[in-house]
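Topology and contacts: notes
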Amino acid sequence: MKRSSNDAHKREKLDPNEDSKPLPWFITMTIGALFMWSATYIKETVMTAPPEAGDSRTMQTAELNCASGTGNLAKVAIDGGAVYQAKCLACHQANGQGIPGVFPPLAASEWVTGTPEVLANILLHGIDGKITVKGTEYNGQMPAFKDLLKDDEIAAVLTHIRAEWGNTSPPVDEKLVASIRESTKGRATFYDGDDELLKLEAN
Ligand code: HEC
């Protein structure tokens, strides 16, 4: 049977055509709007996030460090509670009650609430000998912290224990710790408990 050329033509699909098809208008608009929003957002955002969210520096200290060229962190207040947790809690316990017969309490202790001079001496040089706390005698060893903590850390932890667990004694100044460190710098031994510490108190 003879087919007409017209038949063949009808059988074929249309040739593909390569139109230029722009993005639908709403996608273009959305991209444009997002772009404008983000530019405005960056420009308008005021940085109020707490410095802890970043590297803990406030804008001022960061600027100071840049200005002084040291790059060191500016002095930040030391958290006495954190020093306590790290250096004292294992023995004197979280509630400051110590462990009966082994570690004396710091809560309501006459040494803690007494003169800051004696207290700073205890921290710097430690105790090895009988010491009476709230009427009970202890005979253990309290480590010396002179090589483990700096003046400001000692002041901070002493200020902390003087204000915890019902204690209400005034803070201890870093300068006091520094001056006692200086005046006792020749000392290389622990304090011999009550005997020696009570003499300090008398001075
Ligand atoms: C390894 C255990 C240990 C650690 C750690 C320790 N202490 Fe003591 N502390 C003692 C012992 C034991 C005594 C009693 C000493 C004695 O019996 O001669 C004492 C005594 C004291 C006293 C005098 C007595 C009293 O109860 O008030 C103070 C104040 C004190 N410690 C504070 C601290 C602080 C602050 C820290 C942390 C910076 C600390 N201690 C870390 C074991 C420890």
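Before reading further, recall that the structure is shown in the block above.
Quick summary incoming for the structure in this document. A quick note: this is a predicted structure, and the numbers were derived from the prediction, not measured.

The next point concerns the overall build of the protein. For the protein, the count of helices and strands is 9 helices and 4 strands. Taking all 203 residues of the protein together, 28% fall into the buried category. In the protein, 57% of the contacts between residues at least 6 apart in sequence involve partners at least 24 apart.

What follows concerns the nonpolar core. Nonpolar side chains tend toward joint burial in soluble globular proteins. Judged by nonpolar contacts, the single largest core of 29 residues is most densely connected at Ile122, Leu123, Leu158 and Leu197. Where this core is concerned, the elements lending two or more residues are helix H4 (80-87), helix H6 (116-125), strand E2 (131-133), helix H7 (151-161) and helix H8 (174-183). For this core, the leading source of residues is H6, giving 6 residues. Apart from the residues within four sequence positions on either side, Ile122 is in contact with Trp111, Ile127, Met142 and Leu197.

Further remarks concern the pattern of salt bridges. Counted under the stated rule, the structure contains 4 salt bridges. Linking Asp151 and Arg181 is a salt bridge whose minimum nitrogen-to-oxygen distance equals 2.6 Å. Of this pair, Asp151 sits in helix H7 while Arg181 sits in helix H8; the two residues are 30 residues apart in sequence, bridging distant segments of the chain. Residues Arg187 and Glu196 are paired through a salt bridge, measuring 3.0 Å at the closest nitrogen-oxygen approach. On the basis of relative accessible area, Glu196 is assigned to the partly exposed category, the value being 24%.

Neighbouring residues of the ligand: 26 residues in total, closest Cys88, Cys91, His92, Gly129 and Met142. At a separation of 2.6 Å, an oxygen atom of the ligand approaches a polar backbone atom of Pro105. In this structure, an oxygen atom belonging to the ligand sits 2.6 Å away from a main-chain N or O atom of Gly140. Counting residues per element, the ones that place at least two in the shell around the ligand are helix H5 (89-92), H6, E2 and strand E4 (141-142). Per-class residue counts for the shell around the ligand are 19 nonpolar, 6 polar and 1 charged.

Conventions we followed
- Residues numbered from 1 in each chain as written.
- Predicted model: local features only at pLDDT ≥ 70, side-chain atom pairs only at ≥ 80, totals over all residues.
- Heavy atoms only, no water.
- Helix = DSSP H or I, 4+ residues; strand = E, 2+ residues; numbered from the N terminus.
- Buried < 20%, exposed > 50% of the residue type's maximum accessible area, 1.4 Å probe, protein only.
- Contact = heavy atoms within 4.5 Å.
- Core = buried A, V, L, I, M, F, W, Y, C linked by side-chain atoms within 4.5 Å.
- Salt bridge = Lys/Arg side-chain N within 4 Å of Asp/Glu carboxyl O.
- Near = heavy atom within 4 Å.
- Polar contact = N/O pair within 3.5 Å; in protein donor to acceptor, adjacent residues only side chain to side chain.
- Nonpolar A, V, L, I, M, F, W, Y, C, P; charged D, E, K, R; others polar.

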